[in-house]
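Structure assessment
What follows is the residue order along each chain.
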Amino acid sequence: MTETPMLGFIGLGNMGLPMASRLLAAGHKLVAFDLRREACDALAAQGAEIATSPRAVADRAKTVFLSLPTPQVVRAVIEGQHQAEGLIGAASIKVLVDLSTTGASITKALAQQVQAVGIRYVDSPVSGGVNGAVKGTLAVMCACARTDYESLEALLSVFGKAFHVGETPGLGQSMKLANNMLSATAMAASAEAIAFGVKQGLDPMVMAEVINVSTGANTAIRDKFPKAIIPRLFNFGFASGLMNKDVQLCLQEAQACGVPMAVGSAVGAIWNETVEQLGAESDFTEVAKIIETKAGVVIEVKTPSSKE
């Protein structure tokens, strides 16, 4: 009987922890690392082994997943401050699956470094939020050699719907940044539209119901406003700083390849302001507060719904 291979997972944040948990629930053996002890303890309680460093994960697992917050952190984990600390040169690692959002330029450079030492690099960012990570309904945007994708597809499908978007690392990043630019735009534009309606006297929940069956329908109106903004919960689980990071990365990559983004630049300014005013750790649904303050309204239901 063939022994189940050990998988590695580095980065147990809001997205990484539920993804790692799904691998364990699917019957895979896992060795993991995160700087936060509480995240490691939560995964250990589910049966994972906890390593003392990222390098220790790659010393034990042939396939290692990364779910890290910024390009700088991804680079630091792969390269290490010293040769003995990075994933490059570790004893076991053969395949590196990067689930993070880093941008195409950095991904291409890191892929070259990793592949130069015989490690296969799989550019595989995900979208769908914390709820999608928990439920296994993420979109997994995979860019790598077709043979690598086929060998990993069953594993990636544990996280959600896997797509092979191309053979070249970086294409997954471009797909993710295009998606998140649209998501960020929907949030900002929807906040402006709903604030306008509220100031005119409309009920925001009624507005959401109407828009969701009309031509203005989008994921912000479908999910974020009814579940997090209108009830004043602001608890969707994705940080404003991370959304701003993705938007700014998209703008940088677009400028580098000569694609104008006038709308995107305006959206980027709103997300910069959100982080400046509310902090990088604020929930990204709190972008609505920036619009509310300027409009002099609060997007909430002031009287009980007739349905209650």
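Higher on the page you've got the structure.
This is a predicted model, so every value here is computed, not measured.

Moving on to the side chain of S92. Mapped onto the secondary structure, S92 falls in the loop between α4 (71–79) and β5 (95–98). The buried category is assigned to S92, whose relative accessible area is 18%. If near-sequence neighbours (up to four positions away) are discounted, S92 is found in contact with A58, D59, R60, A61 and K62.

A full pass over the atoms with the stated rule returns 13 salt bridges. The shortest N-O distance in the salt bridge between R232 and E292 comes to 2.7 Å. Taken together, the residues span a long stretch of sequence, with R232 in the loop between α10 (219–229) and α11 (240–257) and E292 in helix α13 (residues 287–295) at a distance of 60 residues. On the accessibility criterion, R232 (27% relative accessible area) is partly exposed. For the salt bridge of K294 with E273, the shortest nitrogen-to-oxygen distance reads 2.9 Å. In this pair, K294 sits in helix α13 while E273 sits in helix α12 (residues 262–278), placing the two residues 21 residues apart along the sequence. Residue K294 is classed as exposed on the basis of its relative accessible area of 60%.

Relative orientation of the contacting elements α11 and α12 amounts to 150 degrees, with a least axis distance of 9 Å. By the angle between their directions, the pair α11 and α12 is classed as roughly antiparallel. The chirality of how α11 crosses α12 is left-handed. The segment α11 lies against α12, with S240, G241, M243, N244, V247, Q248 and L251 engaging G264, S265, G268, W271, N272, T274 and V275. Looking at side-chain class alone, the contact of α11 with α12 contains 5 nonpolar, 9 polar and no charged residues.

Rules of the game
Residues numbered from 1 in each chain as written. Predicted model: local features only at pLDDT ≥ 70, side-chain atom pairs only at ≥ 80, totals over all residues. Heavy atoms only, no water. Helix = DSSP H or I, 4+ residues; strand = E, 2+ residues; numbered from the N terminus. Buried < 20%, exposed > 50% of the residue type's maximum accessible area, 1.4 Å probe, protein only. Contact = heavy atoms within 4.5 Å. Salt bridge = Lys/Arg side-chain N within 4 Å of Asp/Glu carboxyl O. Axes fitted to C-alpha atoms, helices over the stretch in contact; angles between N-to-C directions. Parallel < 35°, antiparallel > 145°, perpendicular 65-115°, else oblique. Left-handed = near helix turned anticlockwise from the far one by under 90°. Nonpolar A, V, L, I, M, F, W, Y, C, P; charged D, E, K, R; others polar.

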